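# Chains, contacts and geometry: an overview
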Amino acid sequence: MKTKHILVIIVVSIFGLAACNDGDFLTEKPKTIYTTANSYETVDQVKACVTNLYVHIRYWYQQDKFMKGLGSDIMDTPYFRDTNGGYCNFSKWSPTSSSSNKIFDALYQLVNYANQALEGYNTEGLTWNSEREKKNTYGEIMFFRGYGYLTLAELFGGVPLVDKFYQTLKLDFARSSREETYEFAIKDLKAAADNLYDYPTEAGHVSKGTACHFLAEAYIALATIRNNDKGDLNQAVLYADTVMKMHPLMTKRFGTRATLGSGTSKNGVEAYYPNGNVFFDLFQEGNYDYSEGNTETLWTLENDYTVYHKYSGDNYVNTPREMSPVLRDVLWKSQYKEDGASAGPWAGNIDTDKYPGGNVCAYLGGRGVASISPTDYVISQVWDDDQGDIRNDSCNIRRTFICMDKKSNMYGKKVPMSMLDYSTQKITEYFPIWTKLAPIDDWGYDDLADGGNRSNMYCDQYACRSAETLLLRAEAKLRLGELDAAAADINILRKRAQCSVMAKASDMTLQYILDERVRELYGEERRWVTLLRMGDVGINSINKHAMYIVDQPYWGDYFTASQKPISAWSLFPIPQTVIDTNTGVKIEQNKGW
């Protein structure tokens, strides 16, 4: 976040603070450390607790990509990095697996921090600048607690509901039902919607539209376990309607790179990008925030290079490094190798005046190491009817690359995949580049003057935007049986994307919505949350598309499926440590674990 506050950190266990019951100790009044007795003496201390909520959750959106779909239908570690089956090797998952356990722990930390902030908020005698500021702070606290429980319910089912900050050790938490957990989250999110500002008064803060977006999701989630209850689904539609009225989609080019002669050049690159479109503009630095004219924005994660340069921390986006291919390693087939030329089209002999950075230039996705790659489903299958879809335009997904080796006879020509060597695992280092994840040119790399190497971006990121709200509304209408209305919502997005093929009522299935989410939200949505909320349909999509469960023809059948599909579970496991340490009440494990 661009505004810096001093963070008040109080040690917590998974569900609450564990403290000894020593009366003499508790009567101490330390002057140099924070305790529960002196942490809430000013409004600024309470606000610091709220800031900690933002700081905590940004990591799980921006640095760790697990919730965004690692091991699901959309992304995994590529074969050259993990020949043992990637994240979707579910035979290795268990109640002690760190991948899911760390999410459980992180979400309960968020709940704890919210309860801690609420305790401070309720301290008597605090002097607020205004009653409106006080209400908004309460709304922020309730939002994060509601968000935490909604996500826990979607991923883990029913969980213990903790509504206060414990200062003594408690080992008898009882697990609620999934329904009760959703209802608890809805209560908190309603409180958030009733108290938050209509629009953020500071970039990166949540507002009414954010709370209403997650209320729409929460009511859909509740409906799914109530046999698509119409009352819940109608509530989801109403909250989504509120969001769309407040946050309409951006439909025309806008912002920093959209107008000839405007904007500031960076790294020798003019701001204006003539071959862009509105989808391209959504992901350009300076265009993310509502205050920057982007009405589609609901909640952003703030990144600013000057802040990072001064304070360090995680105010950067690592997707150019983590999610770009390693084209510099890709090889020619033997019949296309030439004496004096490099082993591959992008390995060497590159004109660095034309392509600054050489084989790690922006054109090739920067210094990608491909820790994560998309599945064939994401690369190819969802674009089968993509005629005219600007989301698949070359400015948004770079699929075809010219040979950059000046000593090759192919120099300056497009390299077809048929000329690349499929006989080694290096071919799995080759895949398209999403511009939202790696800048299209050096205008997007702020740190080059200070020795940066095109590994990170320093632009803001979306936690959510109203394009996703539309997809939630379409899902609610589909579940209500209103197929024409569901298709109409999908087509708002498809018209913005200039697709020549529009969705029809007969197309409307939950899988179609999952497909449209890929086209619109790849790299943004919390994919695991979506899939597990959808139950069998989500699990089926994983089994149909996951990288090591089904063959991946994009890579020329270099590797074939080796993992078994999911058959026994539909929720993540409750961490075994939670079950073992909650000795006062037995916590049942989820089915299949």
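Note that the coordinates shown come from a computational prediction; the quantities given were computed from them, not determined experimentally.

## Topic: the overall build of the protein
- Across its full length, the protein carries 17 helices and 6 strands.
- Its C-alpha radius of gyration of 25 Å places the protein within 12% of the 25 Å reference for a compact globule of 593 residues.
- Counting all 593 residues of the protein, 60% fall into the buried class.
- Contacts spanning at least 24 positions in sequence make up 75% of the contacts within the protein whose residues lie at least 6 apart.
- Mean positive and mean negative side-chain charge positions of the protein (63 and 75 charges, respectively) differ by 2 Å.

## Points about helix H4 (residues 131–156)
- Its 26 residues give H4 an end-to-end C-alpha distance of 37 Å, which sits within 8% of 38 Å, the value for a rise of 1.5 Å per residue.
- Of all 26 residues in H4, 21 are buried, a share of seventy percent or more.
- Taken from the residues just after H4, Gly157 is the one with a positive phi, measuring 85°.

## Examining the pattern of salt bridges
- Per the stated rule, a full pass over the model turns up 38 salt bridges.
- In this structure, Asp442 and Arg454 form a salt bridge, with 2.9 Å as the shortest nitrogen-oxygen distance. In this pair, Asp442 is assigned in the loop between strand S5 (433–434) and strand S6 (461–465) and Arg454 in the loop between S5 and S6, connecting sequence segments 12 residues apart. Across the pair, Arg454 and Asp442 agree in class, each one buried.
- Here Arg517 makes a salt bridge to Glu525, at a shortest N to O gap of 2.8 Å. Pair check on accessibility: Arg517 and Glu525 agree, each one buried.
- Linked through salt bridges whose partners overlap, the residues forming this network are Glu296, Asp389, Arg391, Lys436, Arg465, Arg494, Arg496, Glu516, Arg519, Glu520 and Glu524.

## Here's the deal with the environment of Phe80
- By secondary structure assignment, the location of Phe80 is in the loop between strand S1 (75–76) and helix H3 (98–121).
- Taking relative accessible area as the criterion, Phe80 reaches 18% and is therefore assigned buried.
- Sequence-distant contacts of Phe80, that is, excluding residues within four places in its chain, are made with Val326, Val369, Ala370, Gln425, Thr428 and Glu429.

## Structural notes on the pairing of strand S2 (residues 297–301)
- With 5 of 5 residues buried, S2 lies mostly within the body of the structure.
- Relative to S6, S2 is paired through 4 bridges, and the arrangement is antiparallel. What sits directly across from Thr297, in S6, is Arg465.

## Topic: the state of the cysteines
- Taken as a whole and assessed by the stated rule, the structure comprises 0 disulfides.
- The closest cysteine sulfur to the non-disulfide-bonded Cys464 is located on Cys212, 11 Å from its own sulfur.
- Distance from the sulfur of Cys499, which forms no disulfide, to the nearest cysteine sulfur (Cys395) is 14 Å.

## Regarding unusual backbone geometry
- The phi dihedral of Asn267 falls on the positive side, at around 55°, and the residue is not glycine.
- Position of Asn267 relative to the elements: it lies in the loop between helix H7 (230–246) and helix H8 (278–281).
- Overall, Asn267 belongs to the partly exposed group, its relative accessible area being 37%.

## Considerations on the side chain of Arg465
- Examined against the element boundaries, Arg465 turns out to sit in strand S6.
- At 2.8 Å, the side chain of Arg465 forms a polar contact with the side chain of Glu524.
- When near neighbours in sequence (up to four residues on either side) are disregarded, Arg465 contacts His213, Phe279, Leu282, Phe283, Glu296, Leu298, Lys436, Arg496, Glu520, Leu521 and Glu524.

## Structural notes on the packing of helix H12 (residues 466–479) against helix H14 (residues 510–521)
- With their axes 10 Å apart at the nearest point, H12 and H14 run at an angle of 175° to one another. Regarding the angle of H12 to H14, the classification is roughly antiparallel. Across from Ala467, Glu468, Leu471, Leu472, Ala474, Glu475, Leu478 and Arg479 in H12, the residues of H14 making contact are Leu510, Ile513, Glu516, Arg517, Glu520 and Leu521.
- Taken together, the residues of the contact of H12 with H14 break down into 8 nonpolar, no polar and 6 charged.

## Quick look at the packing of helix H5 (residues 178–195) against helix H6 (residues 208–224)
- Remark: H5 packs on H6, axes separated minimally by 9 Å, with the N-to-C direction vectors making an angle of 160°. As far as their axial angle goes, H6 and H5 are roughly antiparallel. Of the two possible hands of crossing, H5 and H6 adopt the one that is left-handed. The residues of H6 that touch H5, namely those facing Glu179, Tyr182, Glu183, Ile186, Leu189, Lys190, Ala192 and Ala193, are Lys208, Ala211, Cys212, Phe214, Leu215, Ala218, Tyr219, Ala221 and Leu222.
- Of the residues that constitute the contact of H5 with H6, the class distribution is 13 nonpolar, no polar and 4 charged.

## Overview of the packing of aromatic side chains
- Going through the model one piece at a time under the given rule, you end up with 55 aromatic pairs.
- Look at Tyr121 and Tyr138: their rings are 5.4 Å apart centre to centre, the planes differ by 35°, and that puts the pair in the tilted class. Taken together, the residues Tyr121 in helix H3 and Tyr138 in helix H4 connect sequence positions 17 residues apart.
- Looking at Tyr121, the relative accessible area reads 11%, which means it is buried.
- Here the guanidinium or amino end of Lys170 rests over the ring plane of Phe173, the centre of that ring lying 5.1 Å away.

## What about the nonpolar core?
- Grouped together as the largest cluster of nonpolar side chains are 160 residues, with contacts concentrated most on Phe143, Leu155, Trp299, Trp346 and Trp528.
- When residues in this core are grouped by element, the largest group, 12 residues, is from H3.
- Sequence-distant contacts of Leu155, that is, excluding residues within four places in its chain, are made with Met67, Ile103, Leu107, Trp528, Val529, Leu532, Leu571 and Phe572.

## A few points about H14
- Helix length check: H14 (12 residues) gives 16 Å between terminal C-alpha atoms against 16 Å at 1.5 Å per residue, within 8%.
- In terms of burial, H14 is largely enclosed, as 12 of its 12 residues are buried.
- Phi turns positive one or two residues past the end of H14, at Gly523, with a value near 85°.

## Quick word on the confidence of the model for the protein
- Averaged over all residues, the pLDDT of the protein equals 93, while 94% of them reach at least 70.
- The low-confidence segment residues 17–27, where pLDDT is below 50, has 17 contacts with residues more than four positions distant or belonging to other chains.

How each quantity is defined
Residues numbered from 1 in each chain as written. Predicted model: local features only at pLDDT ≥ 70, side-chain atom pairs only at ≥ 80, totals over all residues. Heavy atoms only, no water. Helix = DSSP H or I, 4+ residues; strand = E, 2+ residues; numbered from the N terminus. Rg over C-alpha atoms; globule rule 2.2 N^0.38 Å. Buried < 20%, exposed > 50% of the residue type's maximum accessible area, 1.4 Å probe, protein only. Contact = heavy atoms within 4.5 Å. Lys, Arg positive; Asp, Glu negative; His and termini not counted. Charge placed at Lys NZ, Arg CZ, Asp CG, Glu CD. Expected span 1.5 Å × (residues − 1). Salt bridge = Lys/Arg side-chain N within 4 Å of Asp/Glu carboxyl O. Pairing = 2+ DSSP bridges. Disulfide = S-S within 2.5 Å. Polar contact = N/O pair within 3.5 Å; in protein donor to acceptor, adjacent residues only side chain to side chain. Axes fitted to C-alpha atoms, helices over the stretch in contact; angles between N-to-C directions. Parallel < 35°, antiparallel > 145°, perpendicular 65-115°, else oblique. Nonpolar A, V, L, I, M, F, W, Y, C, P; charged D, E, K, R; others polar. Left-handed = near helix turned anticlockwise from the far one by under 90°. Phe/Tyr/Trp six-rings, centres within 6.5 Å; stacked < 30°, edge-to-face > 60°. Lys NZ or Arg CZ within 6 Å of the ring centre and 35° of its normal. Core = buried A, V, L, I, M, F, W, Y, C linked by side-chain atoms within 4.5 Å. pLDDT = per-residue confidence, 0-100.

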